[in-house]
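# Survey of secondary and tertiary structure
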Amino acid sequence: MNWQEEAHHFHTEYYNSTNGRYNGGSVWTDANALETLHELMLLTKRTDFDGVADNSYIGRHALNTSTDWQAFTGGFIDDAGWVVLAIWTMADYKKSRGEDNVDTFLISAGQLYDKIAANWDDTCGGGVWWTTDHMYKNAITNELFLTLSARGYLRTGNRTYFENAKKTWAWLESSGMRTSTGLYNDGLVFGTCLNNNATTWTYNQGVIASGLAALGVATGNRTLFDQAEITLDGTIKRLTVNNVLKESCDDAFPNGAAACDIDQQTFKGIWTKHLQYYLTFADSARATAKYSPFLGAQSTAVLHHATNASLDIGSVWYAKDEGGSIYNVKSLPSGIMAHVAAMQYGPCV
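Notes on the structure in this doc start here. (Residues numbered from 1 in each chain as written. Predicted model: local features only at pLDDT ≥ 70, side-chain atom pairs only at ≥ 80, totals over all residues. Heavy atoms only, no water.)

Right, let's get into helix α12 (residues 267–282). For α12, spanning 16 residues, the distance from its first C-alpha to its last is 22 Å, which sits close to the expected 22 Å at 1.5 Å a residue. Across the 16 residues that make up α12, a large majority, 14, are buried. Immediately downstream of α12, the backbone of Asp283 shows phi near 50°, a positive value. (Helix = DSSP H or I, 4+ residues; strand = E, 2+ residues; numbered from the N terminus. Expected span 1.5 Å × (residues − 1). Buried < 20%, exposed > 50% of the residue type's maximum accessible area, 1.4 Å probe, protein only.)

Okay, here's the thing in structure tokens:
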């Protein structure tokens, strides 16, 4: 069994070519899945999923520069961020193959980015809102805006992206969402703008790291890599069991209502993917040596603890499934993300 087999199983099992969606998925998890499949093809120089970029629901809308992106994302600003990342990666793949409409994809990504930026205001001293109803400012939406802005600047040289990246990090740094453990809580209390002390999900700790690394490259400020590693190291110290990522809601045994919901089942893979991006931007043999064994451990755990005979991957990685792991359209690509990250930066085996 290889990682391509799992990716093919995921795509064959869940992809609906008629509507371009993954059956049972959602816009933001589809975006992460598409980003991962195209990242896999870019890394391996394979063409297994060629044509999916244009056929996908996201790609179809990216091909139309008149798309109503607010309606597309249902008002969720964080969803818009995930979609931009997917469009960029699909565009990069299309460009590598000499395919048409790369510029159209990039124009659409820019339009969607502008929709996100328009939801920044001075409430709580700054930051973008989680949704267009402007009732919650949280970590993930602003971490995504940081990484989009810093990476957007590196891609385009657009100074607006650069200034947005700097102001977003300044706001995140002063927001109070990062605790003394180095980890980011979920968000701020509406009205008081205080840390709500809500769950320190794994993906919050990964996306901030990739954003800081991109900003570090953009500014030449090496201390930003140190800030990123405070949070990466906090994840490894506090959000693992047996050196394997574990959400607070993960349980190898059945746990009823306390089990991770269908979105939370995706978070760990996103952490590994953004550690992968961190290492790419850091371009540091020291950082790669530091985190390579951990990425390898995640991939091994996914293979031995979370993967069943049908090549489905469950939501629990840290231990053998005793009935609590959940297997679905969102847990499967999460595990594939761990494999892809380890393929690029894990230890040689």
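With that settled, consider the side chain of His9. Within the element layout of this structure, His9 appears in helix α1 (residues 3–14). A residue is classified by how much of its surface remains accessible, and His9, at 15% relative accessible area, is buried. Of the polar contacts made by the side chain of His9, one reaches the side chain of Asp312; its length is 2.8 Å. Beyond its immediate stretch of four places on either side in the chain, His9 contacts Ser310, Leu311, Asp312 and Leu332. (Polar contact = N/O pair within 3.5 Å; in protein donor to acceptor, adjacent residues only side chain to side chain. Contact = heavy atoms within 4.5 Å.)

In this structure, Asn243 is a non-glycine residue whose phi angle is positive, near 65°. Mapping Asn243 onto the fold places it in the loop between β3 (240–241) and β4 (244–245). Even without being glycine, Asp283 reaches a positive phi, approximately 50°. Checked against the element boundaries, Asp283 lands in the loop between α12 and α13 (285–306).

This brings us to the packing of aromatic side chains. The full count for this structure, using the stated rule, is 21 aromatic pairs. With 5.5 Å between their ring centres and 35° between their planes, Trp28 and Trp82 make a pair best called tilted. Highlighted residues: Trp28 in helix α2 (residues 27–44) and Trp82 in helix α6 (residues 77–96), separated in sequence by 54 residues. Judged on exposure class, the residue Trp28 and its partner Trp82 are both buried. (Phe/Tyr/Trp six-rings, centres within 6.5 Å; stacked < 30°, edge-to-face > 60°.)

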